[in-house]
Structure formats: structure tokens, C-alpha cells
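Summary of the model geometry
Listed below, chain by chain, are the residues.
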Amino acid sequence: MYGGGYIYDPESKNQATIVEDPEMLAAFEAKIDRGEKIEPTDWMPYEYRRQLIRMIEQHAHSEIIGALPEGTWITRAPGFKRKMALIAKVQDEIGHGQLLYAAAETLGKSREQMLNDLMSGKSKYSNVFNYPAKTWADVTVIGFLIDAGAIINQLANSKGSYAPYCRALKRICAEESFHLKQGYEGFVYLATGTPTQRTMLQDAVNRWWPPIMHFFGPADKVSVHTEKLMRWQVKMDTNDNMRNEFLEQYVPKIWELGITIPDPKLRKNLETGRWEYTEPDWDEFFRVINGNGPCNKERLDVRRWVEESGRWVRQALYKPNEMYKMPLA
Amino acid sequence: MSSLDPRINRLDLVKTLEAEDIAQHQHWETYEVFVQAKRGGHHTHVGSLHAADHDMALIFAKEQFARRGQCHNLWVVKTSDVYALDTEDADMFADNNEKKYRNPGGFKVSDKITAYKKAQKQDKTETDD
């Protein structure tokens, strides 16, 4: 599972402009143009490294924080099979987090530092996980639609230029298809169930639609920075294109079950082939991402609690003389 | 704070103010993991993980890389024990395909055999005449 469209991270004002060696840069870009992947020990521009670390790190945080709203439902999952499947899914998400942290580590930022930045609020994670999963229907909506969005995003990113990220995403995408199927099954089960089940599902869709529309991030500004991210194959498609792809694939699947979507403007324009919708409330998006959503505090508090409660174990096993090395690939 | 999750409400989440200061290397060392999908195959590198020792690395490797799908055996190796070439040195392999004498394709005999057979046949025809 993952969140979100990636937006160029502007450099701090105190950072002097970094001028790359033009020859190295040209060789690097030629490599990408030839479709070759970049490995950790290859030369890469400062900006490429910085933007990738931030993107992969956010992705990793989204996986481990994303497991929290679902994890809360393990004890209350309806039925044994669903409970087992949900446990398996939550374990997958944590596993994805580990794979992604390892990929980010190959770029030179330690896992410890990434977790510190998550807990201090410096690093972000997908905004959707700052909303609560109120009923079981919310869990099926997350499992179906958020994971569907994640697959669109991750499949695009898995064709990017940085090899360790691509390798991690390949593993992740294979597992996500199980999540999507599991979520869809639960979704269909409720949609074709009793009137109460249908109402519960409709309520959950109504609640989750705005965060789902936020999921791919605001429209990319047309700028040299966005162009550079696309040129370096850090970003593989625009946020709007990915949102459109999601609507194209999944809105018909919701509508065919007689579930409505709380957006009167939502329709496919047959002339342009693109979906039209009410512009998501981006003020709300930025308000929540900056810490003011319904669950931001709870998510980070739980993360901190886990970190602190497990620390004595890690410290007991800590060997100060071990030689630390970044993961290789 | 009241969560929708009863388990979270039972936790004492207040005493967690020092969490966000994990010292460097508190998550131990990294290990590279190799999976042998089935008996008789190669062990293939699949990724890395953090662990305190080899035993823990094997347990985590099983959880992380062998949850589903095929796995017959696992290896874990400390990343710091892997000595690797620099990827920038890949050009040393660039002329590998030019070394025809290292490949079966570098040794062509059929032309010679055909020529030989043809010559033999001709000799025979001349003698018969």
C-alpha cells in the first residue's frame, strides 16, 4: 500500500546551489535515456539522490503507518478467514516498509534517521492514513480502493530508474495484488449483502472518497523541477494522469454494484477520454498533512510507543563494535 | 486521547517522549539474503535486512522473503562481509563478447569438413575416370 503522488521537494534556502560536473551529469542522463538502471554505487546527481531518498522514505513510512488503521481491525474482523487474511496483509505492509527502508538506505540515509524523522514529523507519509477506519466496511474500502490506487502508483514507479527501488517494488506489487483481491472480495460481499451491509459500505465509500481523491496528490506544477524528476525517471507519470487511470479502472467496478460516489460531477468525458470530477479540497489535504487530521497524533503516538517499548530488546542485543555497512542492493 | 481501537486506549501512550531519538546503528547491522527457490537451483540474492546476529537474520529472512511462493533454503551474509566490485568498473567486462576463443562459437569446422568432403569426392571422380 502506498500513498501518493510525489511532489518536488524544494531545497532549503540555506543550501548553496550545487553545481554538478557537466560530463558526469551527461553520462548519467545518457544512461537513463538508454533505459539502464542506476545502482547504488553509480555516480548520481545530488538532487537525484535527495529526491529519491525523500520519495522512498515517504513510501516506507506509508507502509508501516498504513498498517495501523487496518491492524486495529484484526481483533474484530468478521470471521476466521478474514482475520487470517488481515493478519497476513498487515504483515505484508510491514514487510514492504522494511524493503523500502532498505532501498532508501542504499542511498545513504540510515533507517534510524528515517524513523527519527517520521516520529518528529519531519518526514511525511500518505495522508489517507490520518483518517480513522470506523467500521469493517472502511477496512474493505481501504483494502480495495486505497490498495488499487497504490498499485497504479507502484507499477508506474517500478519502471523508474533507481534499481533497488524497482527491485523492491517488483516484490511489493506481487503481494499487493493479493491485497486488492482480498479487499475487493470484502467490498463485493458487503455490496451484495443485506440492506444494513450495503448502507455500511455506502457510508464508508462516502467517508473515504475525499481522501482517495487526495491520494495521488495535487496536480503537478509545470516546472523545470517536475520535468527533471520525470527526465530522471524518479517520477514516472503526473499525479493527474495516475488519478485518471484509477478512476478509469475502478469507478465502473463501484458503480456496477449500485454503490454511489459522493461527487455529482464525476463522469467520463467521452470526447477527451478523461474523467471529470469536483476538484478535491486541497486546503484540507495540506491541513491534514501538516498534522491536523483526525488521526495524525494517534498514529505517531503508537509509532513512538512501539519504538520505546521495543528499545530495551534492541539495546540488549546491540553490539557496539560491529561494523556497520549500508545494504548493497 | 480516545482511539477507535480499544487496544490503543489501554496503552499508556503518555510516557513516550524520548522515542524519536534512535541512536545510529541501534537497528544493528544489515545482512544480505539469498533464497534457493528449489533444491538443485542457485541461491539468488533477494534483498537485505537488519538483524542482531545470524540466527535472527535467518528468522527475519524467512518472514520477509519466504512468506509465500517457493523457498527451499536461505543464506544470510553480513553486508560488511561482502566484497564487491564498483559498478562503475563494469567496462572491464565490455569486450567479453569479443573473446570468441572462449566460446563454442569461436571454433568453426563445418566449412573445412565440407571442403574436405568435396575434395575427396573430386579425387574419387578423377580416379574413377
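See above for the structure.
Residues numbered from 1 in each chain as written. Chains lettered and ligands numbered in written order. Predicted model: local features only at pLDDT ≥ 70, side-chain atom pairs only at ≥ 80, totals over all residues. Heavy atoms only, no water.

1. Topic: the overall build of chain B
Looking only at helices and strands, chain B features three helices and three strands. When the helices and strands of chain B are listed from N to C terminus, the series reads α-β-β-α-β-α. Its C-alpha radius of gyration of 31 Å places chain B more than 25% over the 14 Å reference for a compact globule of 129 residues. Expressed as a percentage of its 129 residues, the buried residues of chain B come to 26%. In chain B, of all internal contacts separated by at least 6 residues, the share reaching a separation of at least 24 is 42%. Total accessible area on chain B stands at roughly 9600 Å², and carbon and sulfur atoms take up 54% of it. (Helix = DSSP H or I, 4+ residues; strand = E, 2+ residues; numbered from the N terminus. Rg over C-alpha atoms; globule rule 2.2 N^0.38 Å. Buried < 20%, exposed > 50% of the residue type's maximum accessible area, 1.4 Å probe, protein only. Contact = heavy atoms within 4.5 Å. Areas by Shrake-Rupley, 256 points an atom, 1.4 Å probe, with all protein chains shown as cover.)

2. Here we look at the overall build of chain A
When helices and strands are tallied, chain A shows 11 helices and two strands. Scanning chain A from its N terminus toward the C terminus, one meets helices and strands in the order α-α-α-α-α-α-α-α-α-β-β-α-α. By the compact-globule yardstick of 20 Å for 329 residues, chain A fits well, its C-alpha radius of gyration being 20 Å. For the C-alpha atoms alone, the extent of chain A along its principal axes is close to 65 × 60 × 35 Å. Out of the 329 residues belonging to chain A, those deemed buried represent 55%. Contacts in chain A between residues at least 24 apart in sequence constitute 79% of all its contacts with a sequence separation of at least 6. Counting every atom, chain A has about 14400 Å² of accessible surface; 58% of that belongs to carbon and sulfur.

3. Concerning the interface of chain B and chain A
Of the residues lining the interface, 46 residues belong to chain B; the matching set on chain A comes to 52 residues. Both sides of the chain B and chain A interface together cover about 4600 Å² of buried area, and 51% of this is carbon and sulfur. For the interface between chain B and chain A, the tally reads four salt bridges. Taking the shortest distance from any N to any O, the salt bridge between A:D92 and B:R67 comes out at 2.9 Å. Inspection of the region where chain B meets chain A yields 24 residue pairs in polar contact (both at pLDDT 80 or more). Residues of the side of chain B that touches chain A, tallied by class, amount to 16 nonpolar, 14 polar and 16 charged. (Buried area = accessible area lost by both parts, 1.4 Å probe. Salt bridge = Lys/Arg side-chain N within 4 Å of Asp/Glu carboxyl O. Polar contact = N/O pair within 3.5 Å; in protein donor to acceptor, adjacent residues only side chain to side chain. Nonpolar A, V, L, I, M, F, W, Y, C, P; charged D, E, K, R; others polar.)

4. Description of the sheet that holds strand β3 (residues 73-78) of chain B
Whenever strands of a sheet pair, they do so through backbone hydrogen bonds, lying parallel or antiparallel. Residues and elements named next belong to chain B. Spatially, three strands are ordered β2-β1-β3 in an open sheet, and the strand pairing comes out antiparallel. Sheet topology places β2 (43-51) and β3 at the edges, where each strand pairs with a single neighbour. Averaged over all neighbouring strand pairs, the angle between strand axes comes to 30 degrees, with direction disregarded. Taken together, the six bridges between strand β1 (residues 29-36) and β3 define a ladder with antiparallel strand orientation. In the strand pairing of β3, Q36 is matched with N73. (Pairing = 2+ DSSP bridges. Axes fitted to C-alpha atoms, helices over the stretch in contact; angles between N-to-C directions.)

5. Structural notes on the nonpolar core
All names here are of chain A. One finds Y48, W209 and F246 to be the most contacted residues of the largest nonpolar core, which totals 97 residues. Considering each element in turn, this core owes the most residues, 13 residues, to helix α5 (residues 136-157). Contacts of W209, omitting those with residues within four sequence positions, involve F246, L247, V251, I254, I261, P262, D263 and L266. (Core = buried A, V, L, I, M, F, W, Y, C linked by side-chain atoms within 4.5 Å.)

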